[in-house]
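Below, each chain spelled out in residue letters.
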Amino acid sequence: MPSPTILLGIESSCDETAAAVLVDGVVRSNVIAGQDVHRLWGGVVPELASRAHQENIVPVVNEALRIAGVDKRDLSAVAVTQGPGLIGALLVGACFARSFAQALRIPLLAVDHMQAHVLAHFIRDADDRSVPEFPFLNLTVSGGHTLIVLVRGPLDMEVVGTTLDDAAGEAFDKGAKVLGLPYPGGPLIDQNARDGDPTRYKLPAPRIEGLDMSFSGVKTAFYNLVRTGQASDPAFVERELPHLCASLQQCIIDILLRKLQKAGRTLGVPRIAISGGVSANSGLREQVQQLAKREGWAVHIPPLAYCTDNGAMVAMAGQFLYQAKRFADLDMVPHPR
Ligand code: KG4
Ligand code: ZN
């Protein structure tokens, strides 16, 4: 029997230090250390992120190996996020992975963070989930990116639509900031929206041709709505919080799903999927299922643990690179963009 492929995946592109071990694509551990320091500042502070990654990386990797019951000498290769992301944050993961690979004399795999979000669909664990068939359309929605990706194969992807300004996650986070909610605001908007009426406040729908999107108009309209409300009633946000959250969330979902629907129809691809941090949003998860049902399309939504940044998706992308023998040089440098 061939020996199993045992991969360590390391993610440090933004504000999560994460490591995971996959054995032949099956998760054995998936450890994430978040960074609370950014809450105080209302957003990720790059310098603080790098420092926290430096403190966390060794314990996080050790914990991932320990939980997996894997000795580092048994690893087949180490996969690490090469970019995009914050340069100082990426450097911590890249330097660690390079030294680790060199010391253990195993291959290094340089992973694109956005590809890893897409390949999160292929992670296997104790749950029995089907994986998407190729080609499929993936809406990749995170704090920094909003992409509609035509996925022809694990390493063959084409961006067919993107945001012209802010990312969807940014629209959630900035909207939350206007409401006085701490960073990251997306999950808090989601929570509050559950008790709100999404039709209470009408936010403008951008008119963009093709498959591209825009969120800056929504952001400005939401800011104006909140400030105007507060000017006439200081308790406006407190009283209207669930409705404001629900209205903002619905507007963002409408923009995303209108374009995903258009992509599926125009490209004739009857399989859609979502991934990235914003795909943890309960409203988006529900409505993408409804869209697929209406259109008669297959739909794939990753479990919550693989939506936001994690090491398992990096190891999974690494698994495909490993199979294709696409190894990185040991002097690999991060690509922030
Ligand atoms: O993919 P991710 O973890 O990191 C990046 O690569 O950016 O995405 C983080 C983004 C943040 O903007 C966060 O607010 C958003 O995902 N997010 C959510 C939810 N959970 C995370 N947005 C809306 N609803 C959620 N439940
Ligand atoms: Zn991400």
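Going by the structure above, here's the rest.
About the cut-offs
Residues numbered from 1 in each chain as written. Chains lettered and ligands numbered in written order. Predicted model: local features only at pLDDT ≥ 70, side-chain atom pairs only at ≥ 80, totals over all residues. Heavy atoms only, no water. Near = heavy atom within 4 Å. Polar contact = N/O pair within 3.5 Å; in protein donor to acceptor, adjacent residues only side chain to side chain. Areas by Shrake-Rupley, 256 points an atom, 1.4 Å probe, with all protein chains shown as cover. 1 Å grid on protein atoms, 1.4 Å probe; cavity = no way out; pocket = protein on both sides within 12 Å on 5 of 7 lines; lining within 4 Å. Sits in = over half its atoms within 2 Å of the grid points. Donors = N, O, S within 2.8 Å, 3.2 Å for Na, K, Ca; no water. Helix = DSSP H or I, 4+ residues; strand = E, 2+ residues; numbered from the N terminus. Core = buried A, V, L, I, M, F, W, Y, C linked by side-chain atoms within 4.5 Å. Buried < 20%, exposed > 50% of the residue type's maximum accessible area, 1.4 Å probe, protein only. Contact = heavy atoms within 4.5 Å.

**Quick word on the site of ligand 1**
Move 1: Surrounding ligand 1, one finds 18 residues, the nearest of these being Gly143, Asp173, Asp190, Gly277 and Asp309.
Move 2: In this structure, an oxygen atom belonging to ligand 1 sits 3.1 Å away from a side-chain N or O atom of His113.
Move 3: Note that a nitrogen atom of ligand 1 is positioned 3.0 Å from one of the side-chain N or O atoms of Asn281.
Move 4: Alone, ligand 1 offers 550 Å² of accessible surface; in the complex the protein occludes 89% of this.
Move 5: Comparing atom positions with the cavity grids shows ligand 1 to sit within the largest pocket.

**With respect to the coordination of the zinc ion (ligand 2)**
Move 1: Ligation of the zinc ion (ligand 2) by protein atoms is provided by His113 (NE2), His117 (NE2) and Asp309 (OD), these donors lying 2.0 to 2.1 Å from the ion.
Move 2: Ordering the donors of the zinc ion (ligand 2) by residue number gives the pattern H-x3-H-x191-D. Here His113 is found in helix H3 (residues 113–119), whereas its partner Asp309 is found in the loop between strand S10 (298–300) and helix H9 (311–323), with 196 residues between them in sequence.

**Digging into the nonpolar core**
Move 1: In terms of nonpolar packing, the biggest core is built from 48 residues, with Leu179, Leu256 and Leu260 touching the most fellow members.
Move 2: Residue assignment for this core shows that the elements contributing at least two residues are strand S6 (136–141), strand S7 (146–153), helix H4 (168–178), helix H5 (186–193), helix H6 (216–232), helix H7 (236–267), strand S9 (271–275) and helix H8 (282–295).
Move 3: A total of 15 residues in this core trace back to one element, the largest contributor, which is H7.
Move 4: If we skip the residues at most four places from it in the chain, Leu260 touches Leu137, Leu139, Ile148, Ile272, Val288, Leu291 and Trp297.

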